[in-house]
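Structural overview
Listed below are the residues making up each chain.
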Amino acid sequence: MLRMWRVGLLSGLALAAAPAHAFIAYVSNEKSNTVSVIDTDSWTVTKTIKVGQRPRGIDFTRDGKFVMVAVGDDDTIQMIDAKTQAVVDSLPSGPDPELFAQDAAGKILYVANENDNTVTVIDLEKRARLGDIQVGVEPEGMTISPDGKTLINTSETTNMAHFIDTSSRQIVANVLVDARPRFAEFKHDSSEVWVSSEIGGTVSIVDPKKHEVIGKVTFEIPGLRKEAIQPVGIGMTKDDKTAFVALGPANRIAVVDVASRKVTKYLLVGQRVWHMAFTPDEKYLLTTNGVSNDVSVIDVAAQKVIKTIQVGELPWGIAIAP
Amino acid sequence: MIRWLAGLIGFGLAATSAFAAEPALIGVGYLGVAGTRSTLSLVEQPAENDGVAGARLAIEDNNTTGKFLGQRFTLEERRIKEGEDPVQAAMALADKNGFIIADLPADALLKVSDALRDRGTLLFNAGAIDERLREADCRANVIHTAPTRAMLADALGQYLVWKKWSRWLLVVGSHDEDKLFADALRRTAARFGAKIVQEKTFEDKGGARRTDSGVTLIQRQMPVFTQGAPAYDVLVAADESEVFGAYLPYRTWDPRPVAGSAGLVPRSWDAAQDQWGAIQMQNRFMKLNARRMTALDMQAWTAARIIGEATSRTSSGDVKKVTDFIKGPDFSVAAFKGTRLTLRDWNWQLRQPILLVDGRMVVSVSPQEGFLHQVSELDTLGYDRPESKCKLK
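Attention here is on the structure that accompanies the text. (Residues numbered from 1 in each chain as written. Chains lettered and ligands numbered in written order. Predicted model: local features only at pLDDT ≥ 70, side-chain atom pairs only at ≥ 80, totals over all residues.)

Moving on, we come to the interface of chain B and chain A. Between chain B and chain A, the contact holds 21 residues from the first and 24 residues from the second. For the side of chain B that touches chain A, the elements supplying multiple residues, two or more each, are α1 (2-14), α2 (52-69) and α8 (278-289) of chain B. When residues in the side of chain B that touches chain A are grouped by element, the largest group, seven residues, is from α1(B). The residue makeup of the side of chain B that touches chain A, split by class, is seven nonpolar, 10 polar and four charged. (Contact = placed C-beta atoms within 7 Å. Helix = DSSP H or I, 4+ residues; strand = E, 2+ residues; numbered from the N terminus. Nonpolar A, V, L, I, M, F, W, Y, C, P; charged D, E, K, R; others polar.)

Printed below as a string of structure tokens:
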């Protein structure tokens, strides 16, 4: 009751302050082979798009015209037209694509191929494969430095973050982190890369110049055994002050003070929370909760979960239209 | 190759504490027994390379990582024939390899571990599930990646109790290992509050596992054998010797499910396991070995990965250093089971979730919800620290 009242108040305020700006979120449902489209004004699923098998990594092209979704079991990345909300094309990604990153111009796409220990480089305009980079066993997490010069790939069984020079496409450094690194995220000022380790249960903070682990975020939740804390997705606010870390089967998002690297709060969300995305105005953070088949909406400023939206089965990744 | 070199040089430049240009060689030996055992089901017949195929994949995985760290792993395989001395074979392997993965019967493993003690070789028991190797006969130089009979029995028992199938009809084979598994199942029943309503022994009277018209005979024998049992929920079979277990499902007098050595079986791994990123591993295994991955393959893979994990964390191939790290408080390894795996420091048994499989699917994974423990829920499987008789030496 209290919660309903609060939600009502919040949306009411938003309406009063400025015309509400609705965004559109796309959620990949790993088991349903669908993408759910969520309207952030009404917080409802407005469409469910059928895609290929095992959709996971998902992102918009820089121009906002297409949503790219990696459909691992079909060995490709499908392109959804954001206007018609239908699959219109696919990219030559290499076998079993999972996560990908694109350069600032939106011209080059780098794809982690879990099955053959490579990162595939794709020309997005020509939709052609430019080459492969050999990395460690089971490449997964992918991110590009804000200046576009360094690509970071994490490999899950090798337990490393590989630093790749995007111009030469060569590995320049390998940094050992804790077990099963899943995701990497740069601070917006480029001073740190945060790498989550699912089985290690930590987030390693890497100095991208010295290529060294300079700190670690650890998690402790009373009443929860250590093994259940499995960090995966990371989201950082644009001012680099607050990071949100999805803790998988711990069913919580950790709110981390970036400066002190300490957890300030744990937010209870749905079950097995994996990935997340901010609305462009950074008012809300949406998380995908795989086992409870829903998306939690977090009010970023209040650091509170305000809503839950049912989507398809095993929601995995999420992207919000720019 | 050129790309590999470039990566290597790049790394040397970036990290000032560079390694020598020559990669450090880390030798891993694999010691097994020649020949394969016969199973009732033709589809479960183990391949000649059962076990070592898993070690081979882990060595490949370690080498992919090793190229970034200047480490190179090799695998040397030895199979002993009947009557051959395991100690001699182990000593020969230990000349070139600081680590040996063994798939040996308990007695042979004990002889080998005692013979290698003063050489500092670290031994991994990937095959033997005998309790005594972790209890009265435990050894400080052996890490056990194979689960124990008690761990397997507890994993199954937790599920049966969760399912409220708490009245068990226990059918035991006439061989020693069948009796040991039955002991473990009785202990499980007592721990988790199940009741064994009756025990039956299935005598092995010899005979072939492959016959031309066996199915007709089995269909007549099994209902009669299970006739007249008191009311029960599930038939639990202890038949490690593969004499009768697989004949029971669908043929019991009363329509009841079968578990244990047939039906719902507890295992460290299964070809159907696809959760927690395991599909990548299953694909890699299939690509390398052109067959599906068994529990023994996984136990050997885990052993070789433990070595690789420790060599990369210590950036060393020194056996003493690596062994100390493996036995240290910070050690854990990821093995596609949804949780980190650690070692029980009182007997060097690997803690691990156990899969319950039916031959086609993973039905469940134990420990089951609600079986709690103050240290690790994985310690609800098998003998716990306070019960252990192990004194490491």
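So, about the nonpolar core. Counting residues in each nonpolar core, the largest one holds 108 residues, and the members touching the most others are B:A55, B:I101, B:A102 and B:A304. At 10 residues, helix α9 (residues 295-314) of chain B tops the list of elements feeding residues into this core. (Core = buried A, V, L, I, M, F, W, Y, C linked by C-beta atoms within 7 Å. Buried ≥ 20, exposed ≤ 12 C-beta atoms within 10 Å, placed from the backbone.)

For the rest of this paragraph, the subject is the sheet that holds strand β16 (residues 362-366) of chain B. All names here are of chain B. Read from one edge to the other, the open sheet built from three strands follows the order β10-β15-β16, with strand pairing classed as antiparallel. Since the sheet does not close on itself, it has two edges, and those belong to β10 (265-267) and β16, each with one partner. Across the sheet, the mean angle from the axis of one strand to that of its neighbour is 30 degrees, orientation sign disregarded. Pairing between strand β15 (residues 354-357) and β16: four bridges, direction antiparallel. Paired with L355 across the strands is V365, a residue of β16. Packed onto the sheet, helix α5 (residues 149-162) meets β10, β15 and β16 and runs at close to 60 degrees relative to β15. (Pairing = 2+ DSSP bridges. Axes fitted to C-alpha atoms, helices over the stretch in contact; angles between N-to-C directions.)

Residues and elements named next belong to chain B. Their axes nearest at 10 Å, the elements α2 and α8 cross at an angle of 110 degrees. It follows that α2 is roughly perpendicular to α8 by the angle criterion. For the pair formed by α2 and α8, the contact residues are A53, R56, L57 and E60 on the first element and R284, F285, L288 and N289 on the second. Among the residues forming the contact of α2 with α8, the class breakdown is four nonpolar, one polar and three charged. (Parallel < 35°, antiparallel > 145°, perpendicular 65-115°, else oblique.)

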